[in-house]
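Structural characterization, general
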Amino acid sequence: MQEAEEKTTDVFYRFRKRDILKENGLRRNGKGRIRMKRAYFNCILLDGTEQMEPVAHKMVLVDGEKITAIVEDTAPCEGYEKVDLKGGYLMPGLINLHVHLAGNGKPSAKPRDNAALVRRILSNGLTRAVAYRLVCSYAKLELLGGVTTIRTVGGLTDFDTRCRDDAAKGKILAPRILAANEGISVPGGHMAGSVAVAAHNNAEALAQLRRADEQGIDLVKLMITGGVLDATQKGTPGELKMKPEMVRAVCDEAHRLGYPVAAHTESPEGVKVALENGVDSIEHGAKMDEETIRLYKERGAFVCTTISPALPYALFDPAISGASEKDQYNGRIVFDGVVESARTALANGIPVGLGNDVGCPYVTQYGTWRELTYLRRFCGVSPYMDLTDVRPAAADPLDGTAIGRQLRLLGVEARERFIAECKQLARGKRARAGERDGKAQRLAAQVLIKAVRGILVRLAVGVAVEPADADVQLIVEPEIGQQRLRALTEAALIGGDCFGIGLERLVLGPPHLV
């Protein structure tokens, strides 16, 4: 019996004794998973619906992985462990629809041959194992940044589906993953040879689709146009690379197999080619005309808006970004196209999802919250619309707090108190913490702990404190390790530990994935 319990796939069970589980109101169901009945109260609820408003005096009842009811906080809740959120916000977990788990977003001072780097990484078992561990650690960072569902759209070999499956078995800590593994590109096309396979013809493209099918993917990714960094001349980002015939062939076969198709497209021409030939989601997007709007609606397609990757090239000082004149010019074209695409889609009832294209320079695995703020800042949507626009119907099944949905919840501390305390502390303690600078990490961690006094901080973190004009941004970068994983799972059982910061809000958690 003891041996069987030790082999359970539930990560929250593996690191706790049975008596600790009982003390925390937990029990196991017939499938070997832990169930806990909890009642979350004393919170301000954001329920994830399109017209949501903050609602107080509500209590959320949870049984295992299901939200069973949302009731008044005075309602009886016998048999439930009550969790006091101390006036914080309770909201659905965030969703990142455009993720590359192979990258961390660290900018490079010199151009890098990604295809050659990937060949070296995959050339032997040792480097492959190290790379897979990194992929898993980046997935964990997404979760620690408040994201409870990700959709990967280009990765190394079968690492994304392996990570998805290992997370489902409880071997690693990660969000729910919808995985595409390697994308399909063409010679000289976007990301060819790194997170996408270069197909010379339709037969090779379909052969790659069959390999992906055998790996158990959830969706197919095409690289139809070029991007900012692979444009060779000014004014040519989003240049059409993949022939319409190949797009049609892959889409038809993918749909026959039951897979949706996402496509990298950064030009009006590329968007039209994608929609005319069966693509289900446009990644990034470009300026639309009436014909494009009609194609979106006829296809029932949605646009995945990604403002984060083009913004550094379009708006940063080149002295900081290191962008060439060509990259800056092309970055501005793509940035304007992505923003205009989102605005037009929202105005015309076209579903809009959000992803941050993590892995691009300056776009980190813990930075999904930035994409939410960019949508509000550049597209003029309300903060609450930010939180609902990450849930297009075409990308279901995704998260929400509707009764019966799977539980993916975050507690969020009141914005005003967090901002005030961080500003006060930052005036006296301005620090930058790098991953390997232990002294700066400890100093910045002290700033974090003081900023959120009254809330337990159990997980060792590295923090970068960057005072901005209007507020202070605390970016959490947890270290990876068995001890910290155990601490995190223990925190999840008890509830209420602070592990991460997002712009203008404190994330309480981790999300209670049980």
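Conventions we followed
In every chain, residue numbers begin from 1 and rise along the written sequence. Per-residue local features of the predicted model are confined to residues with pLDDT of at least 70, and side-chain atom pairs are confined, for both listing and counting, to 80 or more; whole-chain, interface and lining totals are unaffected and use all residues. Computation of side-chain values: all heavy atoms of the structure, hydrogens and water removed. Only DSSP runs of H or I with at least four residues qualify as helices, and only runs of E with at least two residues qualify as strands; both kinds are numbered from the N terminus onward. Accessible area is worked out with a 1.4 Å probe on protein chains only. A residue is then buried under 20% of its type maximum, exposed over 50%, and partly exposed in between. Buried residues of nine kinds, namely Ala, Val, Leu, Ile, Met, Phe, Trp, Tyr and Cys, make up a nonpolar core once their side-chain atoms join them within 4.5 Å. Note on aromatic contacts: the rings of Phe and Tyr and the six-membered ring of Trp form a pair at centre separations within 6.5 Å, being stacked when their planes are under 30 degrees apart, edge-to-face when over 60 apart, and tilted otherwise. The rule is short: NZ of Lys or CZ of Arg within 6 Å of the ring centre and within 35 degrees of the ring normal puts a charge over the ring. The patches described consist of residues with a relative accessible area above 30% and no salt bridge, like charges being joined within 9 Å and nonpolar side chains (Val, Leu, Ile, Met, Phe, Trp, Tyr) within 5 Å. Each accessible area is a Shrake-Rupley estimate made with a 1.4 Å probe; only the visible protein chains count as cover when residues are assessed. The term salt bridge refers to a side-chain nitrogen of Lys or Arg lying within 4 Å of a carboxyl oxygen of Asp or Glu.

Examining unusual backbone geometry
Backbone geometry at Thr-157 places phi at a positive 40°, although glycine is not the residue there. In this structure, Thr-157 sits in the loop between β10 (147-152) and α6 (159-168). Within the chain, His-284 stands out as a residue other than glycine whose phi angle is a positive 90°. Relative to the helices and strands, His-284 is located in strand β16 (residues 281-284). Under the relative-accessibility criterion, His-284 is labelled buried at 1%.

A look at the nonpolar core
Ranked by internal contacts, the top residues of the largest apolar core, which has 46 residues, are Leu-101, Cys-163, Ile-307, Phe-335, Phe-378 and Cys-379. Secondary structure elements with two or more residues in this core: β9 (94-99), α5 (125-144), β10, α6, α11 (311-315), α13 (325-347) and α14 (368-379).

Considerations on the packing of aromatic side chains
According to the stated counting rule, one finds four aromatic pairs in the structure shown. Taken together, Phe-335, Tyr-374 and Phe-378 form an aromatic cluster joined through their ring pairs. Between the NZ or CZ atom of Arg-162 and the centre of the ring of Tyr-132, over which it lies, the distance is 3.9 Å. Taking NZ or CZ as reference, Lys-234 lies 4.7 Å from the ring centre of Tyr-329, over its face.

Some points on a nonpolar patch on the surface
A cluster of nonpolar residues, Leu-126, Val-130 and Leu-134, forms a patch on the protein surface that exposes about 290 Å² of accessible area. By the element assignment, Leu-126 lies in helix α5. On the basis of relative accessible area, Leu-126 is assigned to the exposed category, the value being 62%.

Remember that the coordinates give geometry; whether it matters functionally is a separate question.
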